[in-house]
Amino acid sequence: MDGQCYGYIGFKAMKFNEANQKYLTEVHYTYQLQPLVMSERVYKKTKPELQKIFVDGGHYAQEAVLKYQKEYAQAAKDALIAAGLVVDVLEDEDQWKKAALEKVWPEMADFVGGKDAINAYLKAMGKQPWNN
C-alpha cells in the first residue's frame, strides 16, 4: 500500500501516476495551505512596517493559491483520470472522520500543540471546537 496527502494538482505535478500509482482515494479531511513560514525570532527582530509586509504578502499569496486551486483542480483530476488513474470516493467517510476524532486526535493532540492550539485553529477556520 502506498499513500500520501496531495490534492489533484500536486499529485499531477509530482507525477505519481507516472510512478505507477494507479489508484487514488479522495477524502476531505484536510485543506492544504501554502503558508508563508519564517522564524519567529527573525520576525520579532524586524521593523513593524516590514512585519506588515510579510503578513500582507502571506495573505495575498494564500488567496492566490486558493484561487489557483479552485480553477485548476478539476482539470488536473480529469487529466489524471484520462491517463488511467482510478479515483475512488469513500462512501463511509463520516465513520472514518469519527474514528479520527475519537482515536487519532487524542493521541496526536500534544504533538501539534495541544487541544487549545487545535481549537484556536478550528476557530480561525470557522469550525466548531473539538470537545473530546
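One can find the structure itself at the top, above this paragraph.
The structure contained in this document is the topic of the report that follows.

Rules and cut-offs
- Residues numbered from 1 in each chain as written.
- Predicted model: local features only at pLDDT ≥ 70, side-chain atom pairs only at ≥ 80, totals over all residues.
- Heavy atoms only, no water.
- Core = buried A, V, L, I, M, F, W, Y, C linked by side-chain atoms within 4.5 Å.
- Buried < 20%, exposed > 50% of the residue type's maximum accessible area, 1.4 Å probe, protein only.
- Helix = DSSP H or I, 4+ residues; strand = E, 2+ residues; numbered from the N terminus.
- Contact = heavy atoms within 4.5 Å.
- Patch = residues over 30% accessible without salt bridge, like charges linked within 9 Å, V, L, I, M, F, W, Y side chains within 5 Å.
- Areas by Shrake-Rupley, 256 points an atom, 1.4 Å probe, with all protein chains shown as cover.
- Salt bridge = Lys/Arg side-chain N within 4 Å of Asp/Glu carboxyl O.
- Lys, Arg positive; Asp, Glu negative; His and termini not counted.
- Charge placed at Lys NZ, Arg CZ, Asp CG, Glu CD.
- Phe/Tyr/Trp six-rings, centres within 6.5 Å; stacked < 30°, edge-to-face > 60°.
- Lys NZ or Arg CZ within 6 Å of the ring centre and 35° of its normal.

### Here's the deal with the nonpolar core
Here's step 1: Ranked by size, the top nonpolar core spans seven residues in total: Tyr 8, Phe 11, Phe 16, Leu 24, Ala 76, Leu 80 and Leu 85.
Here's step 2: Every element with two or more residues in this core is listed here: α1 (8-13) and α3 (48-82).
Here's step 3: If sequence neighbours within four positions are ignored, Ala 76 has contacts with Tyr 8, Ile 9 and Lys 12.

### Observations regarding a negative patch on the surface
Here's step 1: Among the surface-exposed residues, Asp 88, Glu 91, Asp 92 and Asp 94 lie close enough to one another that they form a single negatively charged patch.
Here's step 2: Within the fold, Asp 92 resides in the loop between β2 (86-89) and α4 (93-108).
Here's step 3: Assessed through its relative accessible area of 31%, Asp 92 is described here as partly exposed.

### With respect to the packing of aromatic side chains
Between two aromatic rings, the relevant description is the distance of the centres plus the angle of the planes.
Here's step 1: What the rule picks out here adds up to four aromatic pairs.
Here's step 2: Centroid distance Tyr 6 to Phe 16: 5.2 Å. Interplanar angle 45°. Geometry classified as tilted. Note that Tyr 6 is positioned in the segment before α1 and Phe 16 in the loop between α1 and β1 (23-26), a separation of ten residues in sequence.
Here's step 3: Here Tyr 68 and Tyr 72 contribute two aromatic rings whose centre-to-centre distance is 4.6 Å and whose plane-to-plane angle is 40°, an arrangement assigned as tilted. Of this pair, Tyr 68 and Tyr 72 are both found in helix α3, four residues apart, which corresponds to roughly one turn of the helix.
Here's step 4: Take Tyr 68: its relative accessible area is 45%, and that puts it in the partly exposed class.
Here's step 5: You can call Tyr 72 partly exposed: its relative accessible area is 39%.
Here's step 6: Through successive ring pairs, a cluster of aromatic residues spans Tyr 6, Phe 11 and Phe 16.
Here's step 7: A cation over a ring is seen here: Lys 115 above Trp 130, with NZ or CZ 5.6 Å from the ring centre.

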